[in-house]
Amino acid sequence: LQNSANNASKKYEDVISYYNETDFDFMVYNPIESQLETISSNENVEKIFAYSVYGATVSKDNKSYDVTANFAGDISNISISMFNSRRLIDGSCELGDNEVFIDKNISEQIDAKNGDSISIKLSKTGAMSFVVKGIFKNNSSEDKGTVMFKYSGNAKTEIDSKYDTISIKNLMIKASNYNG
């Protein structure tokens with residue numbers, strides 16, 4: 001019973017962190033292109049972080065774990081997301097080609113630390129190699145764990161060769177004015 005209570009308490013902390021330690025005001029799930037254009041051109045929108053979401057498997061040293069893979073071509077506004085300095089446990093908030101952010105759950109499941117090489121495989125891709133750049137607090141929306149990588153370099157080449165189209169699945173929006 002004590003273990004169940006401790007696990008529930010930890011999950012609650014992660015939920016609170018997800019909302020209290022991020023800077024987005026609104027989420028738009030599965031936006032259509034016209035929504036993205038309308039939102040982007042709205043003068044009351046300060047920042048948008050758009051990213052894709054796919055199921056994936058993360059592996060290191062014969063340990064594998066099913067996760068949610070997030071990736072974005074433009075990461076200039078990633079700081080409003082769950083991958084920001086207030087949620088960083090270890091490492092850096094700077095993300096380059098072939099580098100990945102992971103959450104604590106994944107770090108524990110596959111014994112990954114900053115600087116380690118891990119592989120990520122989406123349903124249609126081969127294994128893509130990444131270096132862990134940052135470990136973050138768990139994301140409450142994903143019990144199984146979340147990774148974030150930049151849609152560039154070798155990952156972009158591999159994904160583009162296997163998928164006909166890549167769609168934006170989520171928008172995180174920071175508003176400058178709620179009254180507009």
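Rules of the game
Residues numbered from 1 in each chain as written. Predicted model: local features only at pLDDT ≥ 70, side-chain atom pairs only at ≥ 80, totals over all residues. Heavy atoms only, no water. Helix = DSSP H or I, 4+ residues; strand = E, 2+ residues; numbered from the N terminus. Buried < 20%, exposed > 50% of the residue type's maximum accessible area, 1.4 Å probe, protein only. Contact = heavy atoms within 4.5 Å. Salt bridge = Lys/Arg side-chain N within 4 Å of Asp/Glu carboxyl O. Phe/Tyr/Trp six-rings, centres within 6.5 Å; stacked < 30°, edge-to-face > 60°.

K.L.:
Quick rundown of the environment of Gly126? Include the residues and the values.
P.N.:
Tracing the backbone shows Gly126 in the loop between β6 (117-122) and β7 (128-136). A relative accessible area of 27% means that Gly126 is categorised as partly exposed. Expressed as a C-alpha distance, the spacing of Gly126 and Ile159, which sit 33 residues apart in the sequence, is 8.8 Å.

K.L.:
An account of the environment of Ala155 is needed here, citing residue identities and associated values.
P.N.:
Relative to the assigned elements, Ala155 resides in helix α4 (residues 153-162). Not counting chain neighbours up to four residues away, the residues in contact with Ala155 comprise Asn98, Met128, Phe130, Phe149 and Lys150.

K.L.:
Give me the pattern of salt bridges: which residues, what numbers.
P.N.:
For the coordinates displayed, the defined rule picks out nine salt bridges. The partner of Glu99 in a salt bridge is Lys133, with the nearest N and O atoms 3.7 Å apart. With a gap of 34 residues between them, Glu99 in strand β5 (residues 99-103) and Lys133 in strand β7 connect regions that are remote in the sequence. Overall, the relative accessible area of 28% leaves Lys133 in the partly exposed class.

K.L.:
I'd like a rundown of unusual backbone geometry, residues and numbers included.
P.N.:
The phi dihedral of Asp61 is positive, around 50°, even though this residue is not glycine. The phi dihedral of Asn98 is positive, around 60°, even though this residue is not glycine. Within the secondary structure layout, Asn98 lies in the loop between β4 (88-91) and β5. Exposure remark for Asn98: the relative accessible area of 21% places this residue in the partly exposed category.

K.L.:
Lay out the packing of aromatic side chains in plain terms, naming residues and giving numbers.
P.N.:
The relative placement of two aromatic rings is captured by the distance of their centres and the angle of their planes. Here the structure, examined in full by the defined rule, presents nine aromatic pairs. Considering the side-chain rings of Phe83 and Phe101, the 5.8 Å spacing of their centres and the 25° angle between planes classify their relative orientation as stacked. Of this pair, Phe83 sits in the loop between β3 (63-72) and β4 while Phe101 sits in strand β5, and the two are 18 residues apart along the sequence. Comparing Phe83 with Phe101, the two get one shared label, buried. Ring geometry for Phe130 against Phe149: centres 4.7 Å apart, planes inclined by 40°, an arrangement best described as tilted. On the criterion of sequence distance, the pair formed by Phe130 in strand β7 and Phe149 in strand β8 (residues 146-150) is long-range, its members being 19 residues apart. Relative accessible area serves as the criterion here: at 1%, Phe130 is assigned to the buried category.

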